[in-house]
Amino acid sequence: NAFCASCHGTAGESMTHNWPNLAGQRAEYTYKQLIDYQDGRRHEDERAMVMITIVQGLDRQDMADLAAFYAAQELPGNDEVDKNHPAHSLVSVGDPQRLITPCAACHGVAGNGGINESPAIRGNPEDYFIRTMKAYRDGSRNNDVAKGMSQFAEHLTDEEIKALANYYAY
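Residues numbered from 1 in each chain as written. Predicted model: local features only at pLDDT ≥ 70, side-chain atom pairs only at ≥ 80, totals over all residues. Heavy atoms only, no water.

K.L.:
Now, about the overall build of the protein chain: what can you tell me, with residues and values included?
P.N.:
Helices and strands together make up the secondary structure of the protein chain, namely nine helices and zero strands. Written out in order from the N terminus, the α and β elements of the protein chain read α-α-α-α-α-α-α-α-α. A compact globule built from 170 residues should have a C-alpha radius of gyration of about 15 Å, and the protein chain, at 15 Å, falls within 12% of that. The principal-axis extent of the C-alpha atoms belonging to the protein chain is close to 45 × 30 × 25 Å. Looking at the protein chain as a whole, 46% of its 170 residues qualify as buried. Considering only residue pairs separated by 6 or more positions, the protein chain has 63% of its internal contacts joining residues 24 or more positions apart. For the protein chain, the accessible area works out to roughly 8800 Å², and carbon and sulfur atoms hold 54% of it. (Helix = DSSP H or I, 4+ residues; strand = E, 2+ residues; numbered from the N terminus. Rg over C-alpha atoms; globule rule 2.2 N^0.38 Å. Buried < 20%, exposed > 50% of the residue type's maximum accessible area, 1.4 Å probe, protein only. Contact = heavy atoms within 4.5 Å. Areas by Shrake-Rupley, 256 points an atom, 1.4 Å probe, with all protein chains shown as cover.)

K.L.:
Give a description of the nonpolar core that names residues and reports values.
P.N.:
In terms of nonpolar packing, the biggest core is built from 18 residues, with Val91, Phe129, Met133, Leu156, Leu164 and Tyr168 touching the most fellow members. At the level of elements, helix H5 (88-92), helix H7 (126-138) and helix H9 (158-169) are the ones that each hand at least two residues to this core. Ranked by residue count, the leading element in this core is H9, at six residues. Residues contacting phenylalanine 129, with those up to four places away along its chain left out, are Ile121, Ile161, Leu164, Ala165 and Tyr168. (Core = buried A, V, L, I, M, F, W, Y, C linked by side-chain atoms within 4.5 Å.)

K.L.:
Can you lay out empty space enclosed by the protein for me, pointing to particular residues and giving the numbers?
P.N.:
Over the atoms, a rolling probe the size of a water molecule traces out where space has been left empty. Throughout the structure, instances matching the rule amount to one cavity of 30 Å³ or more. The computed volume of the largest cavity comes to approximately 30 Å³. The residue makeup of the lining of the largest cavity, split by class, is three nonpolar, four polar and one charged. (1 Å grid on protein atoms, 1.4 Å probe; cavity = no way out; pocket = protein on both sides within 12 Å on 5 of 7 lines; lining within 4 Å. Points joined across faces, edges and corners; volume = space filled by probe spheres on them. Nonpolar A, V, L, I, M, F, W, Y, C, P; charged D, E, K, R; others polar.)

K.L.:
An account of the environment of arginine 42 is requested, with residue identities and associated values reported.
P.N.:
Here arginine 42 shows up in the loop between helix H2 (27-39) and helix H3 (48-55). It is 8.2 Å that separates the C-alpha atoms of arginine 42 and isoleucine 52, two residues lying 10 residues apart in sequence. Non-local contacts of arginine 42, meaning those with residues more than four positions away in its chain, are made with Tyr29, Gln33, Asp36, Tyr37, Ala48, Ile52, Tyr128, Arg141 and Asn143. Within polar-contact distance, the side chain of arginine 42 engages the side chain of tyrosine 37 at 3.3 Å. Only 3.4 Å separates the side chain of arginine 42 from the side chain of tyrosine 128, close enough to count as a polar contact. (Polar contact = N/O pair within 3.5 Å; in protein donor to acceptor, adjacent residues only side chain to side chain.)

K.L.:
Tell me about H2, and please be specific about residues and values.
P.N.:
Its 13 residues place the ends of H2 18 Å apart at the C-alpha level, agreeing with the 18 Å of an ideal helix rising 1.5 Å per residue. On its buried side, H2 packs onto H3 and helix H4 (60-71). Looking one or two residues beyond H2, the residue adopting positive phi is glycine 40, at roughly 85°. (Expected span 1.5 Å × (residues − 1).)

K.L.:
Any details on the environment of methionine 149? Residues and values, ideally.
P.N.:
Along the chain, the position of methionine 149 falls in helix H8 (residues 148-153). Overall, the relative accessible area of 21% leaves methionine 149 in the partly exposed class. Apart from the residues lying within four places of it in its own chain, the contact partners of methionine 149 are His107, Met133, Tyr136 and Asp144.

K.L.:
Give a detailed account of the side chain of glutamine 38, specifying residues and quantitative values.
P.N.:
By the element assignment, glutamine 38 lies in helix H2. By relative accessible area, which is 19% here, glutamine 38 ends up buried. With residues near it in sequence (within four places) discarded, glutamine 38 still touches Val55, Gln56, Leu58, Arg60 and Met63.

Okay, here's the thing in structure tokens:
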């Protein structure tokens, strides 16, 4: 598991702004992402090639074990919510005029994650969050269930994405 630790840290807390934290991530989500890399459904940029290459040597049990390991770690950040943060309205209410569902509907107000494949998003590096949201928005990342994130991100401005990244990064 040294490959994983080199980018995501030994307990799943990324040591750079390029990679997501995996600590405390829902096992179902991590497992789905590993399967998506292996099956070629997740390939949004050149960084994904590292993951695509690494997961080729994993079987389904390896992936389930990795997902369970990271899920057992503590989720970075805290449960405190800054109701005065500029992104709080998008998180808690969304924007019905632009058909943007509140982030909290799937990810929780503090970003702890929802049910099944809805990931925890709190505590991730801002650069990673911004890159991911832009990839959903421009369609280069399209492995989201029922294209939910793609549909919501499509309407977000760069400023809103940056504010959301800051909100969830703590």
